[in-house]
Structure formats: structure tokens, C-alpha cells
Amino acid sequence: MKDATLATHAGYGYDGERTMSVPIYQTTAYAFEDCDQAAARFELKELGNIYTRLTNPTTEVLEKRFAALEQGAGAIATASGAAAVFYAFANVAEAGDNILVAKQAYGGTTTLTAHTLKRFGIEARYFDVKDLEKMEKMIDDRTKMIFFEVIPNPSVVLTDIDTIVAIADRHGVMTCADNTVSTAILCKPLTLGVDITVHSTSKYTTGQGAALGGMLVEREGLTQKIRGNARYAHFNEPDASYHGLVYTDVPLPPFTLRARLALLRDFGATPSPHNSWLLIQGLETLPHRMPVHSRNALAVAQYLEKHPKVLRVNYPGLPSSPDHALAQKYFKDGMGSGLMSFEVATRKEAQRIADSVKLFSIVVNIGDSKSIITHPASTTHQQLSPQELADAGVPEGLIRLSIGLEDPEDLIADLAQALGEN
Ligand SMILES: *Cc1c(COP(=O)(O)O)cnc(C)c1O
């Protein structure tokens, strides 16, 4: 089935009352029929709900819908995108291991990998998404994951997904792509051979800035890559914390299974059922909103590109973008999503423009139906050193725009008055 159909139907076939709206199971726990059933559930002999930290029927609809849209084997929802990114690493790496992380990444992913994971003994090795030969040289026996963003927030520099997948497969290393900005509508990384996708569903999925959420989706057939692979011994050996379960021995997607049984159990970044319901509402219209975000963003980018005060516009949907060919290759109809950035001469000028717009709100979020303006160097990327800023593609005069669903003429008029051209 096509995306618009999956987004409205996948994962829900009516429950007992045949409600049209997916029911919100606002519960922490589930009553067992008897002790035998309780024991069978804990032993995984019978799959079923135990406690909402692990599974919830409302959240399950969201997970199934996401897996269907990305053509994945399984999905697991988390309380936020940050939790999903952390789980992606925590599911594979331990002290002494390393992970390869794209330099061009969300600021929170950089602080997680550079500082917090370092304290856990996990080393992040940063690569430039435009120099994948060098990335390959960073791989060694302790490399557990290659992580990149399909459309990096905020630099929007694209990489060649096929090349990353080919390198990773040659070494038997798992790949993980953050598909937050591109969404499952523009890009389906799992069908290109990427092993795992992560999402912040707090952005385009919720669509109206109503709920935080995260998602991990796993590709079909990942078991073959993990089974007998010395890099992923903990997927092949009995898990002492789950009475000897071997994840690659059960007929379930192993990555998301382990993330649920070990990580949700122990870290507990579980979404609230109500947030899952809000995200289901958002997902229904996602296939219809992404083309509008993309069309509006292209119109704004074309305007900015011609403005004398604008040094550079970064938007892969622009025909003049160095990444235009990659956008055409990997994204549905060459759509560029709603995120772009542009550079003006100084930090001061960037801040003056952000303070002068009226329709755009100064917000650190992206992917809302309302347009957003951000000065990354003083907000989302404030914790980064000048070198980290440069590496992330965030010069001081950079302005990030998340283009919403308003009429593009009004957005352009607002930017025109802010830039100083009437
Ligand atoms: C926002 C974002 C995250 C973090 O997600 P939260 O839901 O805010 O925790 C991760 N990756 C990307 C690309 C993001 O834009």
C-alpha cells in the first residue's frame, strides 16, 4: 500500500468497541488472568502486555504504523528523539567500543556522543559526510555503529547513503540514519540497506509542536548481519539479565527486541500513551504535509538566494545546491523538506534578522506547521566549541529556518522586511 493509506490505517484494525479513533490506553499495568499467564508473559512464552514501560496498545499502533511507512521489520517508540538516539548507541556499544558519528549532526547528538557516552567509555569518532573514504579508515574491531543524519539539522549537507551502506556492509558494521528531517515520506533508508533509523517524532510527525517523541525502526533481515558477527556478541550470547535469551535465536527483529527488553526495562524512556495518540493523529496527515513544507521551502530558498545580503543558502531542494543530485536520487520527487539555513555576514546581523521577523517565531524546534527561525550559534549549538561549530557546519552568521504550512508569499514578505528590502 501507498504512504497515505498506511499513515491512516496501518497497525490498527479496531479493538473491541470498534472505535474509529485509536483508543488511548491510559494505564500503567495490565491484569493477568492468573499466575500461570503472568509467568508465561515474563518468560516470553506468551507475548502480551505486562507494564506500560515495556509495551502499550496505543503506542503499539504508532510503532506498527511507523514500521509500515518505513518498510521496516519492527519499531520501538521512545519518550523523545534524544532517547531514541541514545538507545541506538546503547543497544550496541559498551565501554571500550567506538562509534562513528557524522560531524554534521544535531547538537544534542554531538553533546551525547562527545561528552556523555565518553564518560561511559564509548569513544565517538567523527567523520565528514563528504569524506567517506576517511570514514572507512576509522573502522576497527571495536566499531559498533556508523551514525549519520539523512538531512543533517541544521547544516542540511547530504551524504551518499549507498556508499555508507556499502562500506558498512563490507566490515559487518551496523548503520543508523537519523531520518527526522527527511521523514519516512521523503526517504526510506531501510530500503537502501541502512540497518536502523531513528526519529525525533517531536518534529514533523506531531506536526503542530504538540508532543515529544522518538522512534527506532529496524530493517528486514538485520538478523543475518548480526548472527555470528563477533562485533555483536551480546546479540548472539545468552542474556543473563533475561534468563539466557539469545536475541538472534528468536523469530523477532533482534535490535528492537533488545531495545525493548533491556533498554526500556532499564532506562525507561517510554512515551506516555497520550503522546503516542497525539503522534498517531499527526502521522495521518504527514504524507500530505511534507510536499507543502518542501514546496514552501523551495520558494523561500529561491527568494533568499537572490538577496544581496545573503552569502549562502543551504537547501538541497534548490537546483543550484551542490546536493541537488543527491536529493533527486534519494528523496521522493526530489523534495527537500522544510529545513534550510542561510548565512549572513555576522552574528549580530543574524540576530537582528531573527528579531525583526514577525510571522516566524524564535523557537529551537523544527517541523512545526508554523514557521520558525533560529540562530543556532547562540541557542541549539551554544554548547559547542568554535571548532565543533565549524565541523557541524554552523558559522556564527547562520540562520536556520523551518518553513511551515503558511502561504509562501507571506513568509517571503516577512523575510524581505526583516532583511531590509521593501
Ligand atoms: C530534535 C532532534 C533530535 C532530538 O529529538 P527530541 O525529540 O527533541 O529529543 C534528534 N535528531 C534530530 C535530527 C533532531 O532534529
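Residues numbered from 1 in each chain as written. Predicted model: local features only at pLDDT ≥ 70, side-chain atom pairs only at ≥ 80, totals over all residues. Heavy atoms only, no water.

## Brief notes about the domain arrangement of the protein
Basically, it comes down to this: As annotated, the domain borders come from an automatic or database domain assignment. Two residues form a contact once any of their heavy atoms are found within 4.5 Å. The term buried area means the drop in 1.4 Å probe accessible area that two parts suffer when joined, counted for both and summed. Just to be clear on terms, a salt bridge is a Lys or Arg side-chain nitrogen sitting within 4 Å of an Asp or Glu carboxyl oxygen.
Once the domains are mapped, the protein shows domain 1 (3-274) and domain 2 (290-419). The C-alpha centroid of domain 2 is placed 28 Å from the C-alpha centroid of domain 1. On the side of domain 2, 38 residues touch domain 1, which itself brings 35 residues to the contact. Summed over both partners, the interface of domain 1 with domain 2 buries about 2,800 Å², with 63% contributed by carbon and sulfur atoms. The largest contributions to the domain 1 side of the interface with domain 2 come from Pro154, Leu186 and Tyr204, which together make up 26% of the buried area. Here domain 1 and domain 2 share three salt bridges between them. Ionic pairing is found between aspartate 162 and lysine 329, a salt bridge with its closest N-O pair at 3.2 Å.

## Examining the pairing of strand E3 (residues 123-127)
We apply this condition: By this definition, two strands are paired if DSSP reports at least two bridges between them. Helix and strand labels come from DSSP, where a helix needs a run of H or I of at least four residues and a strand needs a run of E of at least two; each type is numbered from the N terminus. Look down the strands so they point away from you; if the path from the first strand over the helix to the second goes clockwise, the crossover is right-handed.
Sheet topology places strand E2 (residues 98-102) next to E3; five bridges connect them, and they run parallel. Of the residues in E3, the one forming a bridge with leucine 100 is arginine 125. Following the backbone out of E2, through helix H5 (residues 107-119) and into the adjacent parallel E3, one traces a crossover that is right-handed.

## A few points about helix H2 (residues 35-42)
Since the α-helix turns once every 3.6 residues, residues separated by three or four places project in the same direction. Here is the rule we go by: Note on classification: 1.4 Å probe, protein chains only; a residue is buried when its accessible area is under 20% of the maximum for its type, exposed when over 50%, partly exposed between these limits. Throughout, the arc means the angular range of directions from the helix axis out to the C-beta atoms. By the criterion applied in these results, polar contacts are pairs of N or O atoms within 3.5 Å in which, for protein atoms, one can donate a hydrogen and the other can accept it, and in which residues neighboring in sequence qualify only through two side-chain atoms.
The set of residues buried in H2 consists of Gln37, Ala38, Ala40 and Arg41. Taken down its axis, H2 places every buried residue within 165° of arc, on the same side. The exposed set on the far side of H2, more than 90 degrees from its buried face, consists of Cys35 and Asp36. Capping the start of H2, aspartate 34 holds a side-chain oxygen 3.3 Å from the backbone nitrogen of aspartate 36, two or three residues further along.

## Re the side chain of aspartate 178
Considering the arrangement of structural elements, one finds aspartate 178 in strand E5 (residues 174-178). Engagement of the side chain of aspartate 178 in a polar contact is seen with the side chain of threonine 180, the distance being 2.5 Å. Setting aside anything within four residues of it in sequence, one finds aspartate 178 in contact with Val85, Phe147, Phe148, Glu149, Val150, Val198 and His199.

## Here's the deal with unusual backbone geometry
Note that the residue after asparagine 153, namely proline 154, is joined by a cis bond; omega there is 5°. Along the polypeptide, proline 154 turns up in the loop between strand E4 (143-149) and helix H7 (161-171). Phi is positive for aspartate 333, which is not a glycine, with a value near 50°. Mapped onto the elements of the fold, aspartate 333 is located in the loop between helix H13 (324-330) and strand E9 (339-343). Its relative accessible area of 66% is what places aspartate 333 among the exposed residues.

## A look at the environment of asparagine 179
Following the sequence through the fold, asparagine 179 ends up in the loop between E5 and helix H8 (183-186). Residues asparagine 179 and serine 200, spaced 21 residues apart in sequence, show a C-alpha to C-alpha distance of 8.2 Å. Ignoring anything within four residues of it in the chain, the contact list for asparagine 179 reads Glu70, Val150, Ala184, Cys187, Pro189, Thr197, Val198 and His199.

## Comments concerning the packing of helix H12 (residues 273-305) against helix H16 (residues 408-419)
Operational definition: Geometry is summarised by axes, namely lines fitted to C-alpha atoms with helices restricted to the contacting stretch, and by angles between N-to-C directions that run from 0 to 180 degrees. Oblique is the label for any angle not covered by the other classes, which are roughly parallel (under 35 degrees), roughly antiparallel (over 145) and roughly perpendicular (65 to 115). Note on convention: the crossing is left-handed when the near helix lies turned anticlockwise from the far helix by less than a right angle, right-handed when the turn is clockwise. Three classes are used: nonpolar for Ala, Val, Leu, Ile, Met, Phe, Trp, Tyr, Cys and Pro, charged for Asp, Glu, Lys and Arg, and polar for all others, with Gly counted as polar.
Running from N to C, H12 and H16 cross one another at 30°; their axes reach a closest spacing of 9 Å. Considered as vectors, H12 and H16 are oriented roughly parallel to each other. Classified by chirality, the crossing of H16 by H12 is right-handed. Residues Asn296, Ala299, Val300, Tyr303 and Leu304 of H12 lie in contact with H16, whose contacting residues are Pro408, Leu411, Ile412, Leu415, Ala416 and Leu419. In the contact of H12 with H16, the residues fall into ten nonpolar, one polar and no charged.

## Focus on the packing of aromatic side chains
Inclusion rule: The criterion for an aromatic pair is that two Phe, Tyr or Trp rings (for Trp, the six-membered ring) have centres within 6.5 Å, with stacked assigned to planes under 30 degrees apart, edge-to-face to planes over 60 apart and tilted to the rest. Distance and angle both matter: a charge sits over a ring if NZ of Lys or CZ of Arg is within 6 Å of the ring centre and within 35 degrees of the ring normal.
Applying the stated rule across the entire model yields eight aromatic pairs. On the basis of an interplanar angle of 50° and a centroid distance of 5.1 Å, the ring pair of phenylalanine 89 and phenylalanine 147 is categorised as tilted. Here the residue phenylalanine 89 occupies a position in helix H4 (residues 81-90), and phenylalanine 147 occupies one in strand E4, the gap between them amounting to 58 residues. Through pairs of rings, three or more aromatic residues link up here, namely Phe86, Tyr87, Phe120 and Phe267. Above the plane of the ring of phenylalanine 235 lies arginine 258, whose end atom (NZ or CZ) is 5.9 Å from the centre.

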